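Architecture and fold: a report
So you can see what is in the structure, the chains are spelled out below.
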Amino acid sequence: MWNISTEKNLCGFRGWASDFIMGAIGVSMLCLGIESTAHTVGVGIVDEKCRVLANESSTFSPIKGGIHPREAANHHAENIVPLIRSAFLKAGTDPRDLDAVAFSMGPGLGPCLRTGATAARALALAVDKPLVGVNHCVAHLEIGLVKTGCRNPVLLYVSGGNTQVIAFAEGRYRVFGETLDIGVGNLLDKFARGVGLGFPGGPLVERLAGESSNLVALPYSVKGMDVAFSGMLTAALELHKDGKSLQDLCNSIQETAFAMLTEVSERAMAHLDRDEILLGGGVACNRRLKSMVEMMAADRGARIFVPEAALCVDNGAMIAWTGLLMHRSGSHLDIRDSVINQRFRTDQVDVTWIRAGAQ
Ligand code: AMP
Ligand code: MG
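The sections below set out a description of the structure shown in this document. Since the model is a prediction, treat every value here as computed from it, not as a measurement. Note on numbering: residues in each chain are counted from 1, in written sequence order. Written order determines the labels here, with chains lettered from A and ligands numbered from 1. In view of the model being predicted, local features appear only for residues whose pLDDT reaches at least 70, and side-chain atom pairs are presented and counted only at 80 or more, with totals across whole chains, interfaces and linings using the full set of residues. In computing side-chain values, all of the structure's heavy atoms are included and hydrogens and water are not.

Concerning the pattern of salt bridges
Should the charged atoms of two oppositely charged side chains come close, the side chains can pair. Rules: One speaks of a salt bridge when a side-chain nitrogen belonging to Lys or Arg is within 4 Å of a carboxyl oxygen belonging to Asp or Glu. The secondary structure listing takes helices from DSSP runs of H or I that are at least 4 residues long and strands from runs of E that are at least 2 residues long, numbered from the N terminus. For every residue, the accessible area (1.4 Å probe, protein chains only) is compared with the maximum for its type, and the residue is labelled buried under 20%, exposed over 50%, or partly exposed between those bounds.
As enumerated under the stated definition, the model contains 13 salt bridges in all. As a salt-bridge pair, Asp350 and Arg172 come within 3.9 Å of each other at their nearest N and O atoms. Highlighted residues: Asp350 in the segment after α12 (316-328) and Arg172 in strand β8 (residues 172-178), separated in sequence by 178 residues. Judged by relative accessible area, Asp350 falls into the exposed class, the value being 51%. Exposure remark for Arg172: the relative accessible area of 24% places this residue in the partly exposed category. For Arg300, the salt bridge identified is with Glu266, shortest N-O distance 3.5 Å. Taken together, the residues Arg300 in helix α10 (residues 287-300) and Glu266 in helix α9 (residues 246-272) connect sequence positions 34 residues apart. One network of salt bridges, in which partners are shared, links Glu178, Arg345 and Asp347.

Re the nonpolar core
Spelled out, the test is: For this analysis, a nonpolar core means a set of buried residues of the types Ala, Val, Leu, Ile, Met, Phe, Trp, Tyr and Cys, connected via side-chain atoms within 4.5 Å. What marks off one domain from the next here is an automatic or database domain assignment. Residues are treated as being in contact if the distance between any of their heavy atoms lies within 4.5 Å.
Judged by nonpolar contacts, the single largest core of 63 residues is most densely connected at Leu32, Ile45 and Tyr173. A domain split of this core shows at least three residues from each of domain 1 (4-140 + 312-348) and domain 2 (151-308). Sequence-distant contacts of Leu32, that is, excluding residues within four places in its chain, are made with Val43, Gly44, Ile45, Ile84, Phe88, Leu98, Ala100, Val101, Ala102, Leu123 and Ala320. Ala167, Met260, Val264 and Met269 belong to the second-largest nonpolar core, a separate cluster that totals 48 residues.

Points about the site of ligand 1
Which entries qualify depends on this criterion: We call a residue near a molecule or strand whenever a single non-hydrogen atom of that residue lies within 4 Å of it. Each polar contact in these results corresponds to two N or O atoms within 3.5 Å; when the atoms are within protein, one needs to be able to donate a hydrogen and the other to accept it, and residues that are neighboring in sequence are counted only if both atoms are side-chain atoms. The Shrake-Rupley method, run with a 1.4 Å probe sphere, supplies the accessible areas, and residue values consider only the shown protein chains as cover.
Of all residues adjacent to ligand 1, which total 18 residues, the nearest are Asp189, Gly202, Glu206, Gly282 and Asn286. Note that an oxygen atom of ligand 1 is positioned 3.3 Å from one of the backbone N or O atoms of Gly185. A total of 500 Å² of accessible area belongs to ligand 1 in isolation, and the protein chains cover 92% of it. Elements with a contribution of two residues or more to the shell around ligand 1: α6 (184-194) and α7 (201-209).

A closer look at the coordination of the magnesium ion (ligand 2)
Rules: Think of the donor list as every N, O and S atom within 2.8 Å of the metal, or within 3.2 Å for Na, K and Ca; water never makes the list, so a site can look incomplete.
At this site the magnesium ion (ligand 2) is bound by His136 (NE2), His140 (NE2), Tyr157 (OH) and Asp314 (OD), with donor distances of 2.1 to 2.4 Å. Between consecutive donors of the magnesium ion (ligand 2), the numbers of intervening residues give the motif H-x3-H-x16-Y-x156-D. Of this pair, His140 sits in helix α5 (residues 136-148) while Tyr157 sits in strand β6 (residues 154-158); the two residues are 17 residues apart in sequence, bridging distant segments of the chain. Tyr157 sits in the buried class, given a relative accessible area of 0%.

So, in structure tokens, the structure goes:
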């Protein structure tokens, strides 16, 4: 996957563009981040002010069925070197200008994580730069903090594989609520696949939901600050088989699932006495979810913050930014300790860095 000629090619790119851009913006620190937890492989380069100099990605879309970890990992292995190369070109910089190389250490699919970690290790070794292992969920939060300017929010992290309500409390990012089974994105993707809509399901469900205002009763499953979606998925697929309108079902899935998420977010905000809610993850692109959370926030006198779509979905820039924060605080990995962790919990992360805007 990585070889000397690749490294030479990358190192060979030190042109006038690089010198001009670096001089003009006065960059003092650069970090490259590799994201590869699931369907998306991404490479981002950011500087110390979190200017995103490059954010390249490629997403694996299965022709049939769900995401097979090995097939997704093969896709990532094929795309990672071209993405790294194109990230350096976009950023107008050179591997030797990097201060650190970061990668998603988990949570995620083993083969996918290992592919990203291998590329990161190879690059870090080739240019003799420190290696930083980043928790993917924490990276969603850190990029949201720096890009939206919120200070001490509750994060509603809604993606394909993950659904968590996270906040910083007593020195750590802690999970106050989460899905007990599948992620909300997974619910949308599995429903869409089950009814023959294609992948990714979220945007397709959103479009069809916009064509209906009818509500079909679906299981609403909230336990404290936790949620569960698989009962809703089974019920919606059964109702589709029974001939219920697809538009009505899409609308009902959105209304029910997003009401559950809004409810648990509000509970966490009340519990922690927070007046900011930050959205992250691919499902945060959904307009209906945003408007429901916005209404809840307005009722509480709170504010909602949503990063741009390219930084909501899985991306390399958020790994690069969190990696840069960790690098600045001296949080590096020895190659022998850089083993991925499929079940890396948000609350296992030792927050050694100063968070953007932290009070
Ligand atoms: P991520 O895992 O964070 O990269 O996000 C991918 C997930 O976001 C997939 O499950 C998509 O179906 C979902 N998604 C993307 N756009 C939307 C949207 N507009 N509405 C709902 N879900 C979405
Ligand atoms: Mg994610």
